[in-house]
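# Analysis of the macromolecular model
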Amino acid sequence: MEQKGISKAVIKRLPRYYRYLSELLEEGVERISSNELSEKMRVTASQIRQDLNNFGGFGQQGYGYNVKHLYDEIAKILGLDKVHSMIIIGAGNLGQALAKYENFEKRGFKLVGIFDKNEELFGKEIRGIPVQSIEEIPDFLKENEVEIATLTIPKTEVAQIADMLVKNGIRAFWNYAHMDLNLRVPKGVIVENVHLSESLMRLSYNMTSYERDHKK
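Residues numbered from 1 in each chain as written. Predicted model: local features only at pLDDT ≥ 70, side-chain atom pairs only at ≥ 80, totals over all residues. Heavy atoms only, no water.

### Observations concerning the packing of helix H1 (residues 8–26) against helix H4 (residues 67–78)
Keep this limit in mind: Fitted lines through C-alpha atoms serve as axes, helices being fitted only where they are in contact, and the angles separating the N-to-C directions of these axes extend from 0 to 180 degrees. A run of H or I in DSSP counts as a helix once it spans at least four residues, and a run of E counts as a strand once it spans at least two, with each numbered from the N terminus. Left-handed is the label given to a crossing in which the near helix is rotated counterclockwise from the far helix by less than a right angle, and right-handed is the label when the rotation is clockwise. The contact criterion used throughout is that any non-hydrogen atoms of two residues lie within 4.5 Å. Charged residues are taken to be Asp, Glu, Lys and Arg, nonpolar residues to be Ala, Val, Leu, Ile, Met, Phe, Trp, Tyr, Cys and Pro, and polar residues to be all remaining types, Gly included.
Two elements in contact, H1 and H4, have axes separated by 9 Å at closest approach and are oriented at 145 degrees. Two packed elements cross with a definite hand, and for H1 against H4 that hand is left-handed. Contacts from Leu14, Pro15, Tyr17, Tyr18, Leu21, Ser22, Leu24 and Leu25 of H1 reach H4 at Val67, Lys68, Leu70, Tyr71, Ile74, Ala75, Ile77 and Leu78. Residue classes in the contact of H1 with H4 are distributed as 14 nonpolar, 1 polar and 1 charged.

Take a look at the structure:
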């Protein structure tokens, strides 16, 4: 399956397709046309067909898409047909909230460790996983295969912690810290920066834009 040169916009839409197809499966829907999927997702049918054609199409003329087949194929494209082990660094409010979110495991992301520098948190269990000291991370990574490190720590601590994690084999970061981590990690280390404040700013812009347009 050829996937070279896929635009970021297409990749950004794939999880949405996956989520909507999951909902269709739960509703017992066996097949759906691009027009019907378009109505649910508010993406044009033409755009859906173009997006999926990047990966082979999957549809049949006059039939549409087999929901289960398309769901499984998109899961493979997204790498969700296998389990990804993950640790969380930072057991504050955000870290604990992420650790408690059970749907990650339904998508193939298994939380195996939680770490913090606050001694008062050591031993506290979150969904059966005890919080450990950050100093224990190197030994933990030697004993466990971990792919992803989730960072919910202050910006000032990110560089040092990230360097330590990379040296100990971490090759992917889900970064909630206010720092574009991809600007400082070595080539080959994958980073997904999550800026919650930027999301709120986009929401604020859309609210302001809507209000401005409807005052005219």
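### Points about the layout of surface pockets
We apply this condition: Of the grid points, spaced at 1 Å and generated over the protein atoms alone, those admitting a 1.4 Å probe that cannot get out make up cavities, while open sets with protein on both sides within 12 Å along at least five of seven lines make up pockets; any residue with an atom within 4 Å of a point is treated as lining. Grid points are joined across faces, edges and corners, and a volume is the space filled by probe spheres set on the points.
Quantified by volume, the largest pocket comes out at close to 2,000 Å³. Counting only elements with at least two residues in the lining of the largest pocket, the list comes to H1, H4, strand E3 (84–89), helix H6 (103–106), strand E8 (172–175), strand E9 (190–193) and helix H9 (196–213). Looking at the lining of the largest pocket element by element, the count peaks at 8 residues for H1. Split into classes, the residues belonging to the lining of the largest pocket amount to 22 nonpolar, 7 polar and 9 charged.

### Quick look at helix H3 (residues 45–53)
We apply this condition: Any residue under 20% of the maximum accessible area for its type is buried, any over 50% is exposed, and the rest in between are partly exposed; the area is computed with a 1.4 Å probe on protein chains only. Of all possible arcs, the one meant is that of the directions from the helix axis to the C-beta atoms.
Taken together, the buried positions of H3 are Ala45, Ile48, Asp51 and Leu52. Projected down its long axis, H3 shows its buried positions confined to an angular sector of 125 degrees, all on one face.

### Comments concerning the sheet that holds E3
Where we set the bar: Two strands are said to pair when DSSP picks up at least two bridges between them.
Across the sheet, 7 strands lie side by side as E5-E6-E4-E3-E7-E8-E9; this open sheet has mixed pairing. The sheet is open, and its two borders are formed by strand E5 (125–126) and E9, each paired with just one other strand. Strand direction decides the pairing type here: E5 and strand E6 (residues 129–133), joined by 2 bridges, are antiparallel. Across the sheet, the residue bridging to Glu125 is Pro130, located in E6.

### Topic: a nonpolar patch on the surface
In plain terms, the rule: In this analysis, a patch consists of residues with relative accessible area above 30% that form no salt bridge, clustered at 9 Å for like charges and at 5 Å for the nonpolar side chains Val, Leu, Ile, Met, Phe, Trp and Tyr. Each accessible area is a Shrake-Rupley estimate made with a 1.4 Å probe; only the visible protein chains count as cover when residues are assessed. A carboxyl oxygen of Asp or Glu within 4 Å of a side-chain nitrogen of Lys or Arg is what we treat as a salt bridge.
Taken together, Leu200, Leu203 and Met207 make up a surface patch of nonpolar side chains, about 310 Å² in accessible area. Considering the arrangement of structural elements, one finds Leu200 in helix H9. Among the residues examined, Leu200 registers a relative accessible area of 57% and is labelled exposed.

That's the geometry; what it means functionally is another story.
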